[in-house]
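Coordinates in review
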Amino acid sequence: MRIGNYDLNLERQGYIMGILNVTPDSFSDGSRYQSLDAALFQAEKMIGEGAAILDIGGESTRPGHAKITDEEEIARVVPVIEAVKERLDVPVSLDTYKYAVAEAGLAAGADMINDIWGLKWDGRLAELLAKSGAACCLMHNREQSDYGDFPADFMEDMRETLRIADAAGISRDKIMLDPGVGLGFAKSFAQNLSVIKHLDRLQAFGLPILLGTSRKSVIGTALSLPVDEREEGTVATTVIGRMNGATVFRVHDVKKNYRAMKMAEAILAAE
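Conventions used here
- Residues numbered from 1 in each chain as written.
- Predicted model: local features only at pLDDT ≥ 70, side-chain atom pairs only at ≥ 80, totals over all residues.
- Heavy atoms only, no water.
- Patch = residues over 30% accessible without salt bridge, like charges linked within 9 Å, V, L, I, M, F, W, Y side chains within 5 Å.
- Areas by Shrake-Rupley, 256 points an atom, 1.4 Å probe, with all protein chains shown as cover.
- Salt bridge = Lys/Arg side-chain N within 4 Å of Asp/Glu carboxyl O.
- Helix = DSSP H or I, 4+ residues; strand = E, 2+ residues; numbered from the N terminus.
- Disulfide = S-S within 2.5 Å.
- Buried < 20%, exposed > 50% of the residue type's maximum accessible area, 1.4 Å probe, protein only.
- Axes fitted to C-alpha atoms, helices over the stretch in contact; angles between N-to-C directions.
- Parallel < 35°, antiparallel > 145°, perpendicular 65-115°, else oblique.
- Left-handed = near helix turned anticlockwise from the far one by under 90°.
- Contact = heavy atoms within 4.5 Å.
- Expected span 1.5 Å × (residues − 1).
- Arc of directions from axis to C-beta.
- Pairing = 2+ DSSP bridges.
- Right-handed = clockwise from strand over helix to strand, strands pointing away.

Our next topic: a nonpolar patch on the surface. On the surface, Met243, Met263, Ile267 and Leu268 cluster together to form a nonpolar patch covering roughly 380 Å² of accessible area. The dominant element in the nonpolar patch, judged by the number of residues it contributes, is helix H10 (residues 254-268), at three residues. For Met263, the position within the fold is in helix H10.

Below is the structure:
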């Protein structure tokens, strides 16, 4: 898959996407990287630890998060995107579902849009992605968790996202899919565990899979641990995810997840 000027072999190799939240209210690292210097230091650190992609976000998507204006989000992310692209050799993903923010981010140099609403929030975003040729990650999400048959409804939701992408003219080789792990993404604890276990469902689409579980409540609930003690649980999901076909892992703790992913790949490559 080509992301900006970078070619990633997502069919055969796993990659770590480092999370760089430039928000005051992220559930895990709120306000830590709001200054440009702090954000650049963290970006460089993550690259050194094995991150192949950086995902920059300007609005928290934790359960109960406060929505901010497009202008405020743009003011947070654009300077960081510009600074990272100027100083560091790495593809940059912008974590947004908003047309205006995505447009500004792409103009600032972002190589990819990470859309937590799978093109269902604003129809203009699909047109923008098609016109720009940017890569995108399209996540499963919905307003209400009113499933009849969760696996069947999950798959139909993803088919709907891909129908929107196809209708807009987004090339399939520019798309990766995310099952949308998280209580804030219309899934119960049990359903979150299920989507991690059954990534083979998404493999049916023949597209790369991104798994984003880092420090999330599904880990906290399973292990009865606070957010700052969920590293080992995240590593476990990275290993299981890689064994189950995911090749991009969106995480806060790059070094540990990178090493665990590479170990899983060594096992997968054994005779």
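In protein chemistry, a disulfide is the covalent bond that joins the sulfur atoms of two cysteines. This structure, assessed with the given rule, holds zero disulfides. Of all cysteine sulfurs in the structure, the one in Cys136 sits closest to Cys137, which takes part in no disulfide; the separation is 7.8 Å. Given a relative accessible area of 0%, Cys137 falls into the buried group.

With that settled, consider the packing of helix H2 (residues 70-87) against helix H3 (residues 99-108). One way to put it is that H2 packs onto H3 with a least axis distance of 9 Å and a crossing angle of 20°. As summarised for this structure, H2 and H3 are arranged roughly parallel, according to the angle between their axes. Note on packing geometry: the crossing formed by H2 with H3 is right-handed. The segment H2 lies against H3, with Asp70, Glu73, Ile74, Val77, Val78, Ile81 and Glu82 engaging Ala100, Val101, Ala104, Gly105 and Ala108.

Next up on the list: helix H5 (residues 150-168). Between its terminal C-alpha atoms H5 stretches 27 Å, which fits the 27 Å expected from 19 residues at 1.5 Å a residue. All buried positions along H5 are accounted for by Phe150, Phe154, Met155, Asp157, Met158, Thr161, Leu162 and Ala165. Along the axis of H5, the buried positions cluster into a sector of 155°, meaning they face one direction only. Against the buried residues of H5 lie strand E7 (135-139), strand E8 (175-178), helix H6 (189-197) and helix H7 (200-203). Backbone geometry just downstream of H5 places Gly169 in the positive-phi region, at approximately 95°.

Turning to H6, a few remarks are in order. Listed as buried for H6 are Gln191, Asn192, Ser194, Val195 and Ile196. Tucked inside the fold, the buried residues of H6 contact H5, H7, strand E9 (210-211), helix H8 (217-223) and helix H9 (231-243).

What follows concerns the pairing of E7. Taking burial as the measure, the five residues of E7 include five buried ones, the bulk of the element. Across the two faces of E7 the burial is the same, with Ala135, Cys137 and Met139 and Cys136 and Leu138 all buried. With four bridges connecting them, strand E6 (residues 112-115) and E7 associate as parallel partners. By the bridge assignment, Met112 is partnered in E7 with Ala135. Handedness of the crossover joining E6 and E7 through helix H4 (residues 123-132) is recorded here as right-handed. Following the chain from E7 across H5 to the adjacent parallel E8, one finds a crossover that is right-handed.

A few words on the sheet that holds E7. Here eight strands make up an open sheet; going across it, the order is E8-E7-E6-E5-E4-E3-E10-E9 and the pairing parallel. The sheet is open, and its two borders are formed by E8 and E9, each paired with just one other strand. Bridge count between E7 and E8: four bridges; the pairing is parallel. Bridging across to E8, Met139 finds its partner in Asp178.

Okay, the pattern of salt bridges next. For the structure shown, the criterion picks out 20 salt bridges. The residue Glu49 makes a salt bridge to Lys45 at a minimum N-O spacing of 3.0 Å. The exposure class of Glu49 is buried, given its relative accessible area of 19%. Of the charged contacts in the structure, one is a salt bridge between Asp157 and Arg142, with a shortest N-O distance of 3.0 Å. With Asp157 in helix H5 and Arg142 in the loop between E7 and H5, this pair connects stretches of sequence that are 15 residues apart. One exposure class covers both Asp157 and Arg142, and it is buried. Three or more residues joined by partner-sharing salt bridges are found here, namely Asp55, Asp95 and Arg250.

What follows covers the environment of Ala43. By the secondary structure assignment, Ala43 is in helix H1 (residues 36-48). Owing to a relative accessible area of 0%, Ala43 belongs among the buried residues under this scheme. Here the alpha-carbon distance between Ala43 and Ile19, two residues 24 residues apart in the chain, equals 8.7 Å. With residues up to four places along the chain from it excluded, the contact list for Ala43 reads Leu20, Leu54, Val84 and Leu88.

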